[in-house]
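Chain by chain, the residues run as shown.
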Amino acid sequence: MNPQIRKLYDIARKKERIILGTMSGTSLDGLDIAVCKFTGSGKETKYKLLHFASIPFASSFKKEILTVFSKREIDLQQLTLLHPFIATVHAEIILNCLAEWNIKPAEINIIASHGQTMYHAPQRLHKKKFFLNATLQLGDGDHLAVTTGIITLSDFRQKHLAAGGEGAPLAIYFDYFFAQSEEVNRILLNIGGISNASFLPKKIKIEKDIVCSDLGPGNTIMDAFVRKNYKGKQYDEGGKIAAKGAINEKLLLALKSHPFLQEALPKTCGPEIFNLELLDACLLKSEEKNYSKEDILATLNAFTASCIADGVSQMTKNKPASVYVSGGGSLNPVLMENIQQYLPKYKVQSSEAIGINSDAKEAVLFALLANEMLTADYKNSKIKLPLLPVQMGKISFP
């Protein structure tokens, strides 16, 4: 047997596995790294978060990505060059973190790399009859494996597409395994660039009762607006700018008229539709000119909150539920207050309240998916989560 395949086989048979999960979302704020210890698989999975860091990207790195990010017309050479470039930058960040934590690369069994989403194109949005759902993540797993010396799993979203899904959201596994309650209905809400949520009814009898879907914008339009209009700022820290403005109802109504928001769940989206071009069109549509920048940001904040509230209500069919929030949006108190105001019958709080690290959750998710790919016997499993086969990920050896 090939020694690398033998090594992978031996890792899969271990009672404990040390897996490093990474996540870089559409906010492009940095690389999240979670080192986790896993035992078991499926509903018997246990994990311990050993180390976590969120490392901001250099402005020069983000600038290179933004030349093609979420754009239909791009420089194909730049896209091609970014695939290995992103991987080597991620690898350097990973190795620096391991050194800081006094962990040798050989102590990590597997890297689970999400990569960087560049474009999301479900058929519902591209509407090309002969083409399927598609999504593109860059950050070559082979470069990561060779540079770090660690076996790497990447391209997690492609199997979901092949099974008929849209490649997102994938949080359903983590939420079902670690957040389901027998006593109360729960919404696990993540607010990154895009907002997504899982609805976990209490006392789930069949997995198809779970709903997992994107809801609409998260931080994406707010962050883009801040980057364009406030030199040196990447986002509205603490919602301080939005707090100075007033919500403009005409602009909010124009934003909420986007067709995606009227579609049934589940569905997915990306910055391809929720961006500054949409804002500019809605500013014209609302036929008002006396906007301050603070008013626009306050309205964008309310827009995100309102889309989330509508999605949550649709998911739960207005049944009582507790909402637990993770991701960068959970750190914006104005956004959290707006969500609570739009959902007066729901209790909205950080996922920390149920022991889930709100910053690390997505990086842990991809570590979990790697653990499942290595250990789960899904042919004989009783778990039948909709359109989410776990045999995910391209395997790259050092």
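None of the values given here were measured: they were computed from a predicted structure.

## Section: the overall build of the protein
Of regular secondary structure, the protein possesses 13 helices and 12 strands. Its C-alpha atoms give the protein a radius of gyration of 21 Å, within 12% of the compact-globule value 21 Å for 398 residues. Taken over the C-alpha atoms alone, the protein extends approximately 70 × 50 × 45 Å along its principal axes. The long-range share in the protein, meaning contacts at least 24 apart out of those at least 6 apart in sequence, stands at 70%. Surface accessibility of the protein: about 18,400 Å² in total, with carbon and sulfur atoms responsible for 53%.

## Comments concerning the environment of Leu189
Residue placement: Leu189 occurs in strand E7 (residues 186–191). Taking the relative accessible area as the measure of exposure, Leu189 reaches 0% and is therefore buried. C-alpha separation for the pair Leu189 and Pro3, spaced 186 residues apart in sequence, amounts to 42 Å. Those residues in contact with Leu189 that lie beyond four places of it in its chain are Ser195, Asn196, Ala197, Leu215, Ile308, Val323, Tyr324, Val325, Ser326 and Ile339.

## Here we look at the pattern of salt bridges
Summed over all chains, the structure comprises seven salt bridges. The partner of Arg124 in a salt bridge is Glu263, and the shortest N-O contact between them spans 2.4 Å. On the criterion of sequence distance, the pair formed by Arg124 in helix H4 (residues 123–126) and Glu263 in the loop between helix H9 (249–255) and helix H10 (276–286) is long-range, its members being 139 residues apart. Exposure remark for Glu263: the relative accessible area of 23% places this residue in the partly exposed category. We note a salt bridge from Lys394 to Asp140, for which the minimum N-O separation is 3.4 Å. Highlighted residues: Lys394 in strand E12 (residues 394–396) and Asp140 in the loop between strand E5 (134–138) and helix H5 (141–148), separated in sequence by 254 residues. Note on Asp140: relative accessible area 10%, which makes it buried. The network of salt bridges with common partners includes Arg124, Glu166 and Glu263.

## Quick look at the sheet that holds strand E10 (residues 322–326)
Strand order in the open sheet made by the five strands is E9-E8-E7-E10-E11, with mixed pairing throughout. Of all strands in the sheet, those with a lone pairing partner are strand E9 (211–217) and strand E11 (347–350), marking the two edges. Going across the sheet, the axis of each strand differs from the next one's by a mean of 25 degrees, ignoring polarity. Bridge analysis of E7 against E10 gives five bridges, and the strand direction is parallel. Across the sheet, Leu188 pairs through a bridge with Tyr324, a residue of E10.

## What to know about the packing of aromatic side chains
Throughout the structure, instances matching the rule amount to 12 aromatic pairs. Taking the centre distance of 5.6 Å and the plane angle of 50 degrees together, the rings of Phe61 and Phe85 count as tilted. In this pair, Phe61 is assigned in helix H2 (residues 59–66) and Phe85 in helix H3 (residues 76–100), connecting sequence segments 24 residues apart. When its relative accessible area of 4% is taken as the criterion, Phe61 is described as buried. For Phe85, a relative accessible area of 34% corresponds to the partly exposed category. For the pair Phe260 and Phe274, a centre-to-centre distance of 5.8 Å together with 80 degrees between the ring planes defines the contact as edge-to-face. Residue Phe260 is found in the loop between H9 and H10, and its partner Phe274 is found in the loop between H9 and H10; the two are separated by 14 residues along the sequence. Assigned by exposure class, Phe260 and Phe274 land together as buried. Grouped by ring-pair contacts, the aromatic residues Phe38, Tyr47, Tyr173, Phe174, Tyr176, Phe177 and Phe178 constitute a single cluster. Directly above the aromatic system of Tyr176 lies the positively charged group of Lys43, at a separation of 4.4 Å from the ring centroid. One Lys or Arg, Lys267, reaches over the ring of Phe260 and ends 4.4 Å from the middle of that ring.

## Remarks on the pairing of strand E4 (residues 110–121)
Burial analysis of E4 places 11 of its 12 residues in the buried class, which makes it a mostly covered element. Bridge analysis of strand E1 (residues 17–24) against E4 gives five bridges, and the strand direction is parallel. Paired with Thr22 across the bridge in E4 is Ser113. In terms of strand pairing, E4 meets E5 through five bridges, oriented antiparallel. The residue bridging Gln116 from the neighbouring strand is Leu138, located in E5.

Conventions adopted
Residues numbered from 1 in each chain as written. Predicted model: local features only at pLDDT ≥ 70, side-chain atom pairs only at ≥ 80, totals over all residues. Heavy atoms only, no water. Helix = DSSP H or I, 4+ residues; strand = E, 2+ residues; numbered from the N terminus. Rg over C-alpha atoms; globule rule 2.2 N^0.38 Å. Contact = heavy atoms within 4.5 Å. Areas by Shrake-Rupley, 256 points an atom, 1.4 Å probe, with all protein chains shown as cover. Buried < 20%, exposed > 50% of the residue type's maximum accessible area, 1.4 Å probe, protein only. Salt bridge = Lys/Arg side-chain N within 4 Å of Asp/Glu carboxyl O. Pairing = 2+ DSSP bridges. Axes fitted to C-alpha atoms, helices over the stretch in contact; angles between N-to-C directions. Phe/Tyr/Trp six-rings, centres within 6.5 Å; stacked < 30°, edge-to-face > 60°. Lys NZ or Arg CZ within 6 Å of the ring centre and 35° of its normal.

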